[in-house]
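Remarks on the overall topology
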Amino acid sequence: MSKNIYLTTAIPYVNGAPHIGHTLDYLLADTYSRYQKQKGSSVRFQAGTDEHGNKIYKKATENGVKVEEYVAENSQKFRDFIQRLGVEYTDFIRTTDQDHERRVQEIWQKLAPHIYKDSYEGWYCEGCERFVTENEYEENEGVCPDHQKPYEKLEEENYYLRIADFKDQIKAAIEKDEIKILPEFRKKEMLKLLEDTPDVSISRPKKQLTWGVPVPGDDTQVMYVWMDALANYITVLGYPDNDISDFWPASVQIVGKDILRFHSIIWPAMLLGLGLPLPKVLLSHGFVLTNGAKMSKSLGNVVEPNEVLDKYGLPAFRYYFLRHADTFADADFTWEKYDAAYNNELANDLGNLVQRLATLCKKSNIVGLYDYVSPDDSTYDAIMSDLYFSKAFDYVWGNIQALNKRIDDEKPWVLVKEGKSEQAVKVLTGLVKSLLDIATMLAPFLPDTAEKIKAIFTAEAIAPPKSPLFPKNK
Ligand code: MSP
């Protein structure tokens, strides 16, 4: 029976071009989407760009460009980027889309019973686009650790979403894994945060923020960018114009660890206020660092993704970030590690395996297994259902290494030399089957490579590719 799966990714701010830190959301979602499609599910997969807020408005002004043009240009860069990553998304939303803006205003109106106006004085970080508590302000000595900028003091009249109305329900949902938070250790962290969260300001006075969705019925106020942005996950499905129950609640919402808090508190509160079900899983991944440090323009260590893609092509890029970035921990990117992964693993372990086995098959005239269907692998399926993608990829790689070893042990070339051709055919066919099983499990991670392997070993006559899958010394 076909299942409907809805996967979402965080929508990046368009205050610049994509960097390698932005890849994880897309690659993780794409891997799961391809896996689910292999299993016969229908997948809807949203991506998009978060285009409102002062941070973006200021950047456009600094660049001397009209904000509409600035966001359109950067949004396109993200679209091109995900295209280049081979990501099969189904929907792309821009928060400046007219339909989105109108729908967010309708959402606001539906939430009205939980919204009130009050004045506020507090510390704000524009990089994070959020108010911090007095405690946080003191702990960080007045400077945001993520953005290295002093907090600003804001005194304003704002609208508030009464989080208190939903706290108990959200708490119970997280505790009972009705919203499953991954990794597990973040669950406690989110429950603690929830407990400490006051009602959330969801608007800014227009004199402070002009670049945003106007609050319906009050032309002095503009919506808080997170309220507008979080709503994208349902407006993209057509809410509230359409019945979204075919794809909502989301199966998995993928976000970075820094923004899990918004998805565990404000987002569930909004959904409960709208009478909508809560997402089934919130998966938060770690950060990509370079040489162990956070990437930042001021440190000059921002890695340009196109440069990485240009070096060895897409499979190497997907390989590195899906296997060497542990799904639930921070990962490090350095060119040395990237070169080593390419040469020692992709080229040696996998590229040589394909070349070697295809050459042996050719010598013995082995016919490709054109109608072979791989059986399910229960270990792999179990890890995939835990959404522990890097671990599943490790498992696949373990099978690649084991197959290399099996060839060494079974020595089909000796059987050929001794004239035991029947036995050689049997051994080689067994090895080909195992490689095709590997290709099936590899496909969600490295779709093009898996396709190539399948083409070689299901062809009428197996022969090695003219150039190896992962040529060395490029
Ligand atoms: N606009 C918000 C998200 C709104 S979702 C309703 C935002 N944008 S962002 O551009 O700052 O981040 C987009 C995604 O990229 C987030 O999931 C974030 O965690 C992720 N990453 C940004 N830098 C990252 C790294 N260096 N490493 C890994 N992921 C990081 O937050």
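These notes cover the structure that comes with them.

Definitions and limits used
Residues numbered from 1 in each chain as written. Predicted model: local features only at pLDDT ≥ 70, side-chain atom pairs only at ≥ 80, totals over all residues. Heavy atoms only, no water. Helix = DSSP H or I, 4+ residues; strand = E, 2+ residues; numbered from the N terminus. Rg over C-alpha atoms; globule rule 2.2 N^0.38 Å. Buried < 20%, exposed > 50% of the residue type's maximum accessible area, 1.4 Å probe, protein only. Contact = heavy atoms within 4.5 Å. Lys, Arg positive; Asp, Glu negative; His and termini not counted. Charge placed at Lys NZ, Arg CZ, Asp CG, Glu CD. Phe/Tyr/Trp six-rings, centres within 6.5 Å; stacked < 30°, edge-to-face > 60°. Lys NZ or Arg CZ within 6 Å of the ring centre and 35° of its normal. Pairing = 2+ DSSP bridges.

**Side note on the overall build of the chain**
- Helix and strand content of the chain: 19 helices and 17 strands.
- The globule rule puts the C-alpha radius of gyration for 474 residues at 23 Å, and the 25 Å found for the chain is close to it.
- Each of the three principal axes of the chain carries a C-alpha extent, and together these read 90 × 50 × 40 Å.
- Here the chain, with 474 residues, has 54% of them falling under the buried criterion.
- The contacts of the chain with a sequence gap of at least 6 include a subset with a gap of at least 24, amounting to 78%.
- Treating the 57 positive side-chain charges of the chain as one cloud and the 71 negative ones as another, the clouds have centres 6 Å apart.

**Overview of the packing of aromatic side chains**
- Enumeration according to the criterion identifies 31 aromatic pairs in this entry.
- Between the aromatic rings of Tyr116 and Tyr160, the centroid separation amounts to 5.5 Å while the plane-to-plane angle is 15°, which identifies the pairing as stacked. One end of the pair, Tyr116, is in strand β4 (residues 115-125); the other, Tyr160, is in strand β8 (residues 152-161), with 44 residues separating them in the sequence.
- On the basis of relative accessibility, which here comes to 24%, the residue Tyr116 falls in the partly exposed class.
- What makes Tyr160 buried here is its relative accessible area of 5%.
- Cluster of aromatic residues (ring-pair linked, three or more members): Tyr312, Phe317, Tyr320, Phe321, Phe333, Trp335, Tyr338, Tyr342 and Phe470.
- Positioned over the ring face of Phe247 is Arg44, at 5.7 Å from the centre of the ring.
- Over the face of the ring belonging to Tyr124 we find Arg204, whose NZ or CZ atom lies 4.8 Å from the ring centre.

**Describing the sheet that holds strand β17 (residues 331-333)**
- The 3 strands lie next to each other as β16-β15-β17, forming an open sheet whose pairing is mixed. Of all the strands in the sheet, the pair left with one neighbour each is β16 (293-294) and β17.

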